[in-house]
Every structure is written in C-alpha cells, then in structure tokens.
Amino acid sequence: MKYSGWPDPGELVVGKIDEIEDFGVFVDLEEYQDKRGLIHISEVASGWIKNVRDHVREGQIVVCKVLEIDESSQQIDLSLKDVNDHQRSDKIQDWKNEQKADNWMGIALGEDADDESYTAVANELIGIHGSLYDGFKQAAIHGEEALEDTDLSDDEIDALVETARENVSVPYVNVTGYVDLENASPSGVDGIREALEAAEGNGEVPDEVDLEVSYVGAPEYRIKVKAPNYKTAESQLEESARRAVAAIESEGGEGEYHRERRTDDE
C-alpha cells in the first residue's frame, strides 16, 4: 500500500535511491504514490563531500527527513544527514511492519478485492489505530473489540481478526473468562474446590502459559490466562472452563462458562 497525497515537513520517509548526480541524489519514496524527492549534496552527509557516490549508491534503501515541499513544482527536498541511527532503525522496522500488514490485507480481503475496497478497509484500520500493522496487532490481541468503532462490516472484521490471529506475533496475550460453579450436592464446598483445582489444570497447563483462577463473587470465578499468542490463550481458557464445569457436574453440581463478568464490581 502506498499513500496518496504528500508527506509532511519533518516527517521521516523511506526511499530508494534512483539517480545520483554531482549536485545531489534523487529518491523514489516507497510509501507514497508517484512521489520523488531530492537530497541536495549538502544534505547527503556532514562535512565536505568530494564524490556523492562515496556515500550512497543507486538502489539503496534510505531513510530521509522531509525538509520542504513545493506541490506546485512537484518538488520534495530531503535530508539524509539529519537522520540518526536510532531514527533510521525504527523507521525501517515500521516500514517492514507495514509491508507485512499489506500482505495480511491481501489474505484477509482475498485476491479479488479491488483497490477501492482495499483502501476503504485500510483507512478504517489506520484511522482507529494509526497504521495497518497496529490495526492487525490490536485485532490479534483484542479480537473484534479492536475494530468495533470502525465502519467495517461483520464479515470484514471477522476476516481481519482471523488473519491477525493467524499471522501476528505479539510478546504475550492476556485473556479473561468466567465460570459459575454451584453445588447443592452433599460434596458441597469440597466439590467446588475440586472443580477449581481442575480449572487450574492439575499440572497439565503448558510451561509457557500462566493460568490463574480467582474468586469474584458467589457463584462466579475468574480465569485469567497469559500466553505467547491468542490461539494458545483462548484454547487454554476454554479448556480450563471445560475442566471446571465437567468436574462440578461430576459432583452433582452445575457449572457455566461465560466471557463477561456478571457479579457486581469488587
């Protein structure tokens, strides 16, 4: 995906060096449609420059700072020397992330999606989360909730969330669910205790998963899961609730799993 319009002065942009002249360097902007900028020789590097080619080469990917824009003459003045190593590294990573997200858009929308549909969906993600990549990242972590304030259709949201959870790697994911446990049978409290131990896994929870069961308010208990990815977290949450319900029912009691809290605030 490339943006229409113009970058802003002061913005960092990614470009590919297209042409090198004695007076400067022409750069094709990778993030903008049909936009080309010029790095004057004085902005290539600090100090006196004898030969521009000692500092850059054609085809090189660079990060530049936008100095000035003249839309009437279609001119964008850029600086290479005003970008430090930290800024360059961060910008390149952001650009690579957006390329990944561009591919994920193709997966989510399908190969037959036209440019208009793509742009409409992309603008919704960018409008809510600032970038395509962050939109997918939030969808992977929070699911449909991350996109509920958009104008996307239910089908589009489902496709984006599914694609995000299949492709986005996040440091960890937290999910929470609740289980109601009631036991009027002779086993009483002991039966509920057995159900809670079952929910905690009885040693069967994977090492990379943290699972915690806590009391909220009778008859409700909270299950919190922290895992490396959404699929694992969701699976472990559902398995925990399933074990608790099965255990309480085996004692003659009743159990029910639900995602939203029902008791009053603590």
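Everything quoted here is computed from the prediction, not taken from an experiment. (Residues numbered from 1 in each chain as written. Predicted model: local features only at pLDDT ≥ 70, side-chain atom pairs only at ≥ 80, totals over all residues. Heavy atoms only, no water.)

Draft legend 1. Layout of the pattern of salt bridges. Evaluated as defined, the whole model comprises 10 salt bridges. One salt bridge in this structure joins Asp18 and Arg36, with 2.6 Å as the shortest N-O distance. Of the two residues, Asp18 is situated in strand β1 (residues 12–21) and Arg36 in strand β3 (residues 36–40); the sequence distance between them amounts to 18 residues. For Asp18, a relative accessible area of 35% gives the class partly exposed. For Lys231, the salt bridge is made with Glu166, and the minimal N-O distance between the two is 2.7 Å. Taken together, the residues Lys231 in helix α6 (residues 230–250) and Glu166 in helix α4 (residues 154–167) connect sequence positions 65 residues apart. Residue Lys231 is classed as partly exposed on the basis of its relative accessible area of 47%. Via salt bridges that share partners, Asp18, Glu19, Asp28 and Arg36 belong to a single interconnected network. (Salt bridge = Lys/Arg side-chain N within 4 Å of Asp/Glu carboxyl O. Helix = DSSP H or I, 4+ residues; strand = E, 2+ residues; numbered from the N terminus. Buried < 20%, exposed > 50% of the residue type's maximum accessible area, 1.4 Å probe, protein only.)

Draft legend 2. Geometry of the nonpolar core. The biggest cluster of nonpolar side chains holds 48 residues, and the ones touching the most others in it are Met105, Leu132, Phe136, Leu160, Leu181, Ile223 and Val225. Considering every element that reaches this core, the biggest residue donor is α6, with 8 residues. Beyond its immediate sequence surroundings of up to four residues, Ile223 is in contact with Val175, Thr176, Gly177, Val179, Leu211, Glu212, Val213, Leu237, Ser240 and Ala241. Tyr32, Ile49, Val62 and Cys64 belong to the second-largest nonpolar core, a separate cluster that totals 19 residues. (Core = buried A, V, L, I, M, F, W, Y, C linked by side-chain atoms within 4.5 Å. Contact = heavy atoms within 4.5 Å.)

Draft legend 3. Layout of the sheet that holds strand β5 (residues 75–79). A barrel is described by the order of its strands in space; here 5 strands give the closed sequence β1-β2-β3-β5-β4, paired in mixed fashion. The average angle at which neighbouring strand axes cross in this sheet is 50 degrees, direction not considered. Inspection of the sheet shows β1 paired to strand β2 (residues 24–29) by 6 bridges, in the antiparallel sense. Pairing of Glu19 across the sheet is with Phe26, part of β2. Across the sheet, helix α1 (residues 85–109) touches β1 and β4 (61–70), and the angle it forms with β1 is around 100 degrees. (Pairing = 2+ DSSP bridges. Axes fitted to C-alpha atoms, helices over the stretch in contact; angles between N-to-C directions.)

Draft legend 4. Representation of the packing of helix α5 (residues 188–199) against α6 in the model. Look at α5 against α6: their axes get within 7 Å of each other, and the N-to-C directions meet at 155 degrees. On the basis of the axis angle, α5 is roughly antiparallel to α6. Where α5 crosses over α6, the two elements pack in a sense that is right-handed. Contacts from Gly191, Ile192, Glu194, Ala195, Ala198 and Ala199 in α5 reach Ser240, Arg243, Ala244, Ala247 and Ile248 in α6. (Parallel < 35°, antiparallel > 145°, perpendicular 65-115°, else oblique. Left-handed = near helix turned anticlockwise from the far one by under 90°.)

Draft legend 5. Broad picture of the packing of aromatic side chains. Under the counting rule described, the total for this entry stands at 5 aromatic pairs. Measuring from centroid to centroid gives 5.7 Å for Tyr3 and Tyr32, while their planes differ by 55 degrees, and the two rings are tilted. Of this pair, Tyr3 sits in the segment before β1 while Tyr32 sits in the loop between β2 and β3, and the two are 29 residues apart along the sequence. Note on Tyr215 and Tyr221: the rings are 5.5 Å apart at their centroids and 65 degrees apart in plane angle, and the pair reads as edge-to-face. Among the residues examined, Tyr215 registers a relative accessible area of 48% and is labelled partly exposed. With relative accessibility at 12%, the residue Tyr221 sits in the buried group. (Phe/Tyr/Trp six-rings, centres within 6.5 Å; stacked < 30°, edge-to-face > 60°.)

Draft legend 6. Looking closely at unusual backbone geometry. Cis geometry marks the peptide bond from Ala218 to Pro219, where omega comes out at 5 degrees. Mapping Pro219 onto the fold places it in the loop between β7 (210–217) and β8 (220–227). For Asp34, which is not a glycine, the phi torsion comes out positive at approximately 55 degrees. By the secondary structure assignment, Asp34 is in the loop between β2 and β3. Looking at Asp34, the relative accessible area reads 76%, which means it is exposed. Backbone geometry at Gln74 places phi at a positive 55 degrees, although glycine is not the residue there. If you trace the backbone, Gln74 turns up in the loop between β4 and β5.

Draft legend 7. Focus on the layout of surface pockets. There is about 360 Å³ of room inside the second largest pocket. Lining the second largest pocket are 14 residues; nearest its centre among them are His142, Glu145, Val175, Thr176 and Arg259. Of all the elements in the fold, those that place two or more residues in the lining of the second largest pocket are α3 (132–142), β6 (173–182) and α6. For the lining of the second largest pocket, the leading source of residues is β6, giving 4 residues. Grouping the constituent residues of the lining of the second largest pocket by class yields 4 nonpolar, 4 polar and 6 charged. (1 Å grid on protein atoms, 1.4 Å probe; cavity = no way out; pocket = protein on both sides within 12 Å on 5 of 7 lines; lining within 4 Å. Points joined across faces, edges and corners; volume = space filled by probe spheres on them. Nonpolar A, V, L, I, M, F, W, Y, C, P; charged D, E, K, R; others polar.)

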